[in-house]
Amino acid sequence: MFGLAQCRGLTFRMANNTKQWHRVADLNSLPDNRVRTVTAGTQQICLVNHEGALTALDNRCAHQGGPLGEGQLEDGWVICPWHAYQYDPVTGKAPEGFEDRVDPYPIEIRQNGIFVGVEPATHQATLADQVVTVMTDWGVNVVFGMVGHSNLGLADAMRRAESDGRLRYYGIRHEGAAAFAASAYAKLTGKTAACFAIAGPGATNMITGMWDANVDNVPLLALVGQVNTQIMGPGTFQEVDLHSALKPVTRWQQVVLGSQNASDLMALAIKHAEVEHGPTALIFPDEMQHLPAREPQPETPRVGRVPLVTIAPPKDELQRALELLNAAKRPTIVCGQGAAGFKDDVLRFAEKITAPVVTTFKAKGLVPDSHPLACGVLGRSGIPVASTMMGTADLLITFGTSFSVHTGIAEYIPTIQVDRDRMTLGKFHPVEVPLWGDIGVTIEQLLADEHLAPQARPRLREEISTRWGKWRKEKERRRAEQPTTGLNSASIFEALGNLAPADAIIAVDVGNNTYSFGRYFECKEQTILMSGYLGSIGFGFPAAMGAWSAGTGRKVIAVAGDGGFGQYLAEFTTAVRYSMPITLVLLNNSQLGKISKEFEADHMEVWQTDLTNPDFAAYAKLCGGDGIRVTAPEQIEDALKKGLNSDKPFIVEILTDPLLI
Ligand code: FES
């Protein structure tokens, strides 16, 4: 089967044991006097047809790496498309008087195509391999990102880590979605995920999602490429001063400028994210990613570098809190996002003193609404059960709340505030007892103290039950309203509450759809994810992707409006690509409904809030997922059942009335 290659000027023995031969093109596929880029293994080749004779050259121009296969043949020379360097098509040499050359490769014409022989690729470990290994060793093994110019060295290291089973990589369509997904992953799991982008626009696209993690205090690791150090400074193509751009949104960040401490910088980036509960960033100039690995590989174990911290409240303050608790007649517990993970502790405490439990919207679902002491959500997305029980309390015990104006925790009621962040204690106004401690530890100590008097308060329990009865009647009345256009939100979230799995993860967006969800959806054991303090439009669907990637096995649902989902519409194809069976409940009122209301509330004309939308259900099908459009109340239940049971990404598009929220 082996013979001599039929190529002008050069003759190659075909039985060459050191070469691997790759089929690079069909016979006769390259016209006379043309060049083309082809790939042999991982090697890019400039395939040349010079007056019927085929030759192969290294595709990278010796000047600045221009792709010769995208150039042309002129007067018998291969011309680089970038700055017109010339090379002989056979030898790869430049014209007389110039030193530059590119390597020629052996070529064979076989019956089934054109073959090029290249040395078998042997991988020399790179600095990027080392830092990715540190990242996965430290437990960061989920990455959302977009590969591109200036991050390919890191991308190649991640590819190897993925093929070894050390990380899972999700290629998104917009870097903003990568950062939202990583933030949501941390909100759900408490663990760090990475988002990954190129220099310049890729990095700046991630800033909104990073800011979401920043203000909601969850860890996130941003990995970004940067232009070569050789050309950093004057403002070259895609050069953004990332060190300055990312500084306000990160707890810590560094540019990797050599192999000396690159591994340790990765370890520190993760440590800062986890210890300081926020985003960090590592910026990699392009050429750093291709440096050879440092020998020997530096030791960067996690063990011994991230201490466990449990903060016990000071004894005197605890005693003052106990006195107030024992004297209170109507204490009410207010849980914020900081209490996530302490559901059982909070309920044990509430049961012992018989205190109603209300939550902020960010903490919706922290206690099930079916619990006899649960009173739902406070504030703008809240319900009257919560606001009344808080408003009539004589003592508030707050766990992990930030006293946002959207929640409206009463400042006039004496308060015991428990938080692990000292700056949050008494941040906006003085409280009776600012109790610095972990929520679990503090509750444990309160319960263990013999001075805490148990309370039965049967009339309070009865009152909670009566108030729920009134609110459920009101919801029923709202469900019965007949909208003139579209469906009412009360009906949609009643049906979703009945049909969603009890342990589903629900990522919400912002706007009227989310306010209505907060008000009407009654939680069982579901976990709710949202862009809390940033309140960023577009969060819902990318967040659902982040939640799905955590691999909990729980059903993942997204709730969004047409405005929010429209921002990351293309990410539906990401969900299709990775077979994420997310059910999106899309409330389509063809406008930015909440903003319309704000214009009206401010006595202004509504302007530029109407939206031009596709048929979202049809779009879902076009993308390879599934969808259904709901236009009548009697269709809601069947459509939700179909969506929730689908094994594909699914859009339940519901045309809603902008007035009935
Ligand atoms: Fe080819 Fe400059 S890169 S001539």
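Definitions and limits used
- Residues numbered from 1 in each chain as written.
- Predicted model: local features only at pLDDT ≥ 70, side-chain atom pairs only at ≥ 80, totals over all residues.
- Heavy atoms only, no water.
- 1 Å grid on protein atoms, 1.4 Å probe; cavity = no way out; pocket = protein on both sides within 12 Å on 5 of 7 lines; lining within 4 Å.
- Points joined across faces, edges and corners; volume = space filled by probe spheres on them.
- Helix = DSSP H or I, 4+ residues; strand = E, 2+ residues; numbered from the N terminus.
- Buried < 20%, exposed > 50% of the residue type's maximum accessible area, 1.4 Å probe, protein only.
- Core = buried A, V, L, I, M, F, W, Y, C linked by side-chain atoms within 4.5 Å.
- Contact = heavy atoms within 4.5 Å.
- Phe/Tyr/Trp six-rings, centres within 6.5 Å; stacked < 30°, edge-to-face > 60°.
- Lys NZ or Arg CZ within 6 Å of the ring centre and 35° of its normal.
- Pairing = 2+ DSSP bridges.
- Axes fitted to C-alpha atoms, helices over the stretch in contact; angles between N-to-C directions.
- Polar contact = N/O pair within 3.5 Å; in protein donor to acceptor, adjacent residues only side chain to side chain.
- Salt bridge = Lys/Arg side-chain N within 4 Å of Asp/Glu carboxyl O.

**Student:** Could you give an account of the layout of surface pockets, with specific residues and numbers?
**Tutor:** The space that makes up the second largest pocket amounts to roughly 2,000 Å³. Along the wall of the second largest pocket there are 50 residues; nearest its centre are R60, L152, G153, D286 and H290. Broken down by secondary-structure element, the contributors of at least two residues to the lining of the second largest pocket are β1 (20-25), β2 (34-40), β3 (43-50) and α2 (152-163). Here the lining of the second largest pocket takes eight residues from α2, the largest share from any one element.

**Student:** Could you give an account of helix α15 (residues 540-549), with specific residues and numbers?
**Tutor:** Counting buried positions along α15 gives nine out of 10 residues, so the element sits mostly inside the fold. Those residues of α15 not exposed but buried are G540, F541, P542, A543, A544, M545, G546, A547 and S549. Once α15 ends, the next one or two residues include G551, with phi positive near 65°.

**Student:** Quick one: what's the story with the nonpolar core, residue by residue and with numbers?
**Tutor:** Core analysis: the biggest nonpolar cluster contains 81 residues, and I333, F349 and F399 have the highest contact counts within it. Once residues lying within four places of it in the same chain are set aside, the contact partners of I333 are V346, F349, A350, A355, P356, V357, V358, I397 and F399. Core analysis: the second largest hydrophobic core is formed by 58 residues, L188, A547, A560 and I582 among them.

**Student:** Quick rundown of the packing of aromatic side chains? Include the residues and the values.
**Tutor:** The tally for this structure, following the rule as stated, stands at 14 aromatic pairs. Judged by centre distance (6.4 Å) and plane angle (80°), the ring pair of Y170 and W548 falls under edge-to-face. Taken together, the residues Y170 in strand β12 (residues 168-171) and W548 in helix α15 connect sequence positions 378 residues apart. What makes Y170 buried here is its relative accessible area of 7%. Look at W548 and you get partly exposed, because its relative accessible area is 25%. Geometrically, the ring pair formed by F493 and F517 is edge-to-face, given 5.6 Å between the ring centres and 85° between the ring planes. Here the residue F493 occupies a position in helix α13 (residues 489-499), and F517 occupies one in helix α14 (residues 512-520), the gap between them amounting to 24 residues. Accessibility expressed as a relative area gives 0% for F517, which makes it buried. Taken together, the aromatic side chains of F541, F565, F572, F616 and Y619 make up a single cluster linked through ring pairs. Just above the ring of F517 sits the side chain of K364; from NZ or CZ to the centre is 5.6 Å. Above the face of the W436 ring, R422 is positioned so that its terminal group lies 4.3 Å from the ring centre.

**Student:** Provide a residue-level description of the pairing of strand β10 (residues 113-118), including the pertinent values.
**Tutor:** With six of its six residues buried, β10 lies for the most part within the structure. Both β1 and β10 contribute to a ladder of five bridges, which runs antiparallel. Across the sheet, the residue bridging to A25 is I114, located in β10. Summarising the sheet, strand β9 (residues 107-110) and β10 pair through four bridges and their orientation is antiparallel. Residue I107 lies in a different strand from β10, and its bridge partner there is V116. Between the end of β9 and the start of β10, which pair antiparallel, lie two residues.

**Student:** Help me get a handle on the sheet that holds strand β16 (residues 279-285), residues and values and all.
**Tutor:** With parallel pairing, six strands are arranged side by side in an open sheet as β12-β11-β13-β14-β16-β15. Unpaired on one side and paired on the other, β12 and β15 (252-255) mark the two borders of the sheet. Adjacent strand axes in the sheet meet at a mean angle of 15°, parallel and antiparallel pairs treated alike. As paired elements, strand β13 (residues 194-197) and strand β14 (residues 220-226) share four bridges and run parallel to each other. Bridging from a neighbouring strand, F196 pairs with L223 of β14.

**Student:** Can you break down the side chain of E653 residue by residue, with the values?
**Tutor:** Along the chain, E653 falls in strand β28 (residues 650-655). A relative accessible area of 0% means that E653 is categorised as buried. Engagement of the side chain of E653 in a polar contact is seen with the backbone nitrogen of A617, the distance being 3.1 Å. Here E653 is in contact with L586, N588, P614, D615, F616, A617, I628, R629 and V630, once residues within four sequence places are set aside.

**Student:** Can you break down the pattern of salt bridges residue by residue, with the values?
**Tutor:** It is possible for side chains bearing opposite charge to pair when their charged atoms get close. Under the defined criterion, the tally for this structure stands at 31 salt bridges. In this structure, D264 and R305 form a salt bridge, with 3.0 Å as the shortest nitrogen-oxygen distance. With D264 in helix α7 (residues 262-275) and R305 in the loop between β16 and α8 (315-327), the pair connects residues that are 41 residues apart, well separated along the chain. Owing to a relative accessible area of 30%, D264 belongs among the partly exposed residues under this scheme. Between E444 and R348 there is a salt bridge whose closest N-O contact spans 3.1 Å. In this pair, E444 is assigned in helix α11 (residues 439-448) and R348 in helix α9 (residues 343-353), connecting sequence segments 96 residues apart. According to the relative accessible area criterion, R348 is partly exposed, its value standing at 41%. Overlapping salt bridges bring together D129, D156, R159 and R160 as one network.

**Student:** Requested: an account of the environment of S259, with residues and values cited.
**Tutor:** Following the sequence through the fold, S259 ends up in the loop between β15 and α7. Each C-alpha atom, one on S259 and one on T573, is 38 Å from the other, the two residues being 314 residues apart in sequence. The contacts of S259, once residues within four sequence positions are left out, are L127, L291 and R294.

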